[in-house]
Amino acid sequence: MLLLGIDVGTSSIKVSVVDAATQQCVASAQHPEVESGIISHQLGWAEQSPDMWWEHVQAAIKKVNATSMFDPREIGSIGIAYQMHGLVVVDQEQRVIRDSIIWCDSRAVAIGVGALQAIGEERSLAHLLNSPGNFTASKLAWVKQNEPEKFAQIYKAMLPGDFISMKLTGEITTSISALSEGVFWDFQEDQLSEDVLGYFGFDKELIPEIKPVFSEHGHLKREIAAELGLTAGIPVAYKSGDQPNNALSLNVLKPGEVAATAGTSGVIYGVSDKLVYDPQSRVNTFAHVNYASEEKRVGVLLCINGTGILNRWTKDMVGAGFSYADMNKLGSEVAIGSDGLRVLPFGNGAERMLNNKLVGAHFENIDLYKHTQPHIFRAVQEGIAFAFRYGLDIMRENGMNPTVIRAGRANMFLSPLFTEAFVNATNVPVELYPSDGSVGAALGAGIGVKTFASGDEAFSNTQPLQLIEPQAAAQYEPVYQEWKALLQDKLNRK
């Protein structure tokens, strides 16, 4: 059997076809080749069109089929990973009512604060494991408050992956994992949160049918199968947010195991068997892909909005004509600490780990005679690594103390310069894997149709490519402390 994985990212859609027998990727494709845009009508807002995602999903599937590396009719199951926390709303004809308010949108922060105060901080954290913040439930409340005519049309509210599954199958489902990332789930009662639904005045009928992450969420419609060259009736058997899915793709399923990603945003994600929460909701806890009432597995998630997006901005604004590899090489020629140049990478919306403050991105201590493009390239990557260190220290406060972090060799972890800075700033070794979100989604689909009995079986052929251990932590530490002092100064002014 072949398995198809779809990764609905902010920048593009990536799909992979995996041979279930070998667990190896047969072919991959992405669409579009350039990064998708984000619609920002006001400062701190971020939206994308769900219909655009669907167009890109179809184009990516057609593109991977065109490689002729496999017979598309042998694909027997589909898995979906997706950008977390987005809100998609459709009417009874399954038409999109408005653009999706995506993960990095900050407009609903005040609404979430109001919910936290009304529900009660202690009760909210104990039952939701999070403040409602600017998560999906608060975004839906924003639509209710500000666009009542659109809210009145809503048949179902869902996450981005639920929407793509709906387009493939015509069926609308969700999962506990998805509902928890939207902050709709009560972990103490193991049901939809009466507190959240009651405070916001949401009817339960807005919530799709709840199914396990690894289960059949619908079957491919005949007309869609014909359009995409696939077999009608095959199941969508797995749906997960991108960070739980990344953890799955790295076989991070057991308590104490930790994964990291550094794409548009940056994430450290650790698994726990305890219903833990941060008193300030600077890091968040959601149901992991293998969460069950009888065996609770939650993911403690640190998210930094401004990571790889700053590196891309730097390339566009400062590194014209350079590839990312060129930038990495030039930055590596500069000494640790970038000759005093410091960069705060927080220019992509309010940062949860900074108590939902809009800090912005900052370049500090620029010397017009000393600092060159290579200094900027290095300082940007060091600044991103220091943001990870800052967040990891918050996770350590909450009992997450990794001895090794697993990451896919992708995005910023393709940069030896960034990987060195990350390892030494955090003082934690990193194992790099040939991991990919779309491959993880494909193997998740294999678990969903029971081709694999467990995650361990699905990833039994996955071995680390490289182990990078700290070699210069003592040199990075004073640089980090200077960086942290600059950040604290910005926070004190907010």
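Please refer to the structure placed before this passage.
Residues numbered from 1 in each chain as written. Predicted model: local features only at pLDDT ≥ 70, side-chain atom pairs only at ≥ 80, totals over all residues. Heavy atoms only, no water.

> Would you mind going over the sheet that holds strand β15 (residues 266-272) in detail, with residue names and values included?
Consider a sheet: its strands pair through backbone hydrogen bonds, and that pairing is either parallel or antiparallel. The sheet built from seven strands is open, its strands ordered β16-β17-β15-β14-β20-β21-β22 with mixed pairing. Each edge of the open sheet is held by one strand with a lone partner, namely β16 (284-287) and β22 (466-468). For this sheet, the mean angle separating the axes of adjacent strands, direction not counted, is 30°. Where strand β14 (residues 258-262) meets strand β20 (residues 405-408), two bridges bridge the pair, whose relative direction is parallel. Looking across to β20, one finds that Ala259 is bridged to Arg406. Packed onto the sheet, helix α10 (residues 242-249) meets β14, β15 and β17 (298-304) and runs at close to 120° relative to β14. With respect to the sheet, helix α13 (residues 373-397) is in contact with β14, β15 and β17, its orientation differing from that of β17 by roughly 145°. (Pairing = 2+ DSSP bridges. Helix = DSSP H or I, 4+ residues; strand = E, 2+ residues; numbered from the N terminus. Axes fitted to C-alpha atoms, helices over the stretch in contact; angles between N-to-C directions. Contact = heavy atoms within 4.5 Å.)

> Could you give an account of the pattern of salt bridges, with specific residues and numbers?
Evaluated as defined, the whole model comprises 32 salt bridges. Linking Glu35 and Arg312 is a salt bridge whose minimum nitrogen-to-oxygen distance equals 2.5 Å. Residue Glu35 is found in the loop between β3 (24-31) and β4 (47-48), and its partner Arg312 is found in helix α11 (residues 308-317); the two are separated by 277 residues along the sequence. According to the relative accessible area criterion, Glu35 is partly exposed, its value standing at 39%. When its relative accessible area of 28% is taken as the criterion, Arg312 is described as partly exposed. Glu333 is the salt-bridge partner of Lys329, the closest N and O atoms lying 3.2 Å from each other. Each member of the pair, Lys329 as well as Glu333, carries the same accessibility label: exposed. Within this structure, Glu47, Arg98, Asp105, Arg107 and Glu147 form a network of salt bridges that share partners. (Salt bridge = Lys/Arg side-chain N within 4 Å of Asp/Glu carboxyl O. Buried < 20%, exposed > 50% of the residue type's maximum accessible area, 1.4 Å probe, protein only.)

> Tell me about the packing of aromatic side chains, residues and numbers included.
If you walk through the whole model with that rule in mind, you get 20 aromatic pairs. Considering the side-chain rings of Phe418 and Phe422, the 6.0 Å spacing of their centres and the 50° angle between planes classify their relative orientation as tilted. Of this pair, Phe418 and Phe422 both sit in helix α14 (residues 416-426), separated by four residues, roughly a single helical turn. An identical accessibility class is assigned to Phe418 and Phe422; each is buried. The ring of Tyr155 has Lys156 sitting right over it, with the charged end atom 5.1 Å from the ring centre. For the cation-ring pair, Lys315 lies above Tyr324, with the distance from its terminal atom to the ring centre recorded as 5.4 Å. (Phe/Tyr/Trp six-rings, centres within 6.5 Å; stacked < 30°, edge-to-face > 60°. Lys NZ or Arg CZ within 6 Å of the ring centre and 35° of its normal.)

> Let's hear about the side chain of Asn65: which residues, and what values?
Examined against the element boundaries, Asn65 turns out to sit in helix α1 (residues 50-65). A distance of 2.8 Å separates a polar side-chain atom of Asn65 from the backbone oxygen of Leu228. Not counting residues up to four positions away in its chain, the partners in contact with Asn65 are Phe70, Pro72, Leu228 and Leu230. (Polar contact = N/O pair within 3.5 Å; in protein donor to acceptor, adjacent residues only side chain to side chain.)

> Which residues make up a nonpolar patch on the surface, and what values go with them?
A cluster of nonpolar residues, Ile366, Leu368 and Tyr369, forms a patch on the protein surface that exposes about 470 Å² of accessible area. Position of Tyr369 relative to the elements: it lies in the loop between β19 (360-364) and α13. Among the residues examined, Tyr369 registers a relative accessible area of 84% and is labelled exposed. (Patch = residues over 30% accessible without salt bridge, like charges linked within 9 Å, V, L, I, M, F, W, Y side chains within 5 Å. Areas by Shrake-Rupley, 256 points an atom, 1.4 Å probe, with all protein chains shown as cover.)

> Would you mind going over helix α12 (residues 324-332) in detail, with residue names and values included?
Listing the buried residues of α12 in full gives Met327, Asn328 and Gly331. Down the axis of α12, the smallest arc covering the buried residues is 100°, so these residues share one side. Facing away from the buried side of α12 by more than 90 degrees, the exposed set consists of Ala325 and Lys329. (Arc of directions from axis to C-beta.)

> Go over the state of the cysteines, please, and point to the residues and values.
Under the definition given, this model contains zero disulfides. No disulfide involves Cys104; its sulfur sits 9.1 Å from the nearest other cysteine sulfur, which is in Cys303. A relative accessible area of 3% means that Cys104 is categorised as buried. (Disulfide = S-S within 2.5 Å.)

> Before we move on, could you go through the sheet that holds strand β1 (residues 2-8) and cite the residues and values that matter?
Spatial strand order, β3-β2-β1-β5-β13: five strands in an open sheet with mixed pairing. Both outer strands of the open sheet, β3 and β13 (236-241), are each paired with one neighbouring strand and no more. Looking at each pair of strands side by side, their axes are set apart by 15° on average, direction ignored. Taken together, the seven bridges between β1 and strand β2 (residues 13-19) define a ladder with antiparallel strand orientation.

> Please set out the environment of Leu253 residue by residue, giving values where relevant.
Counting through the fold element by element, Leu253 comes out in the loop between α10 and β14. On the basis of relative accessible area, Leu253 is assigned to the buried category, the value being 11%. Beyond its immediate stretch of four places on either side in the chain, Leu253 contacts Leu248, Val271, His288, Val289, Asn290, Arg297 and Gly455.

> Give me the lowdown on helix α2 (residues 109-119), citing residues and values where you can.
Side chains three or four residues apart in an α-helix point the same way, a direct result of the helix having 3.6 residues per turn. If you check which residues of α2 are buried, you get Val109, Ile111, Gly112, Gly114, Ala115, Leu116 and Ile119. Directly beyond the C-terminal end of α2, a positive phi value near 105° is found at Gly120.

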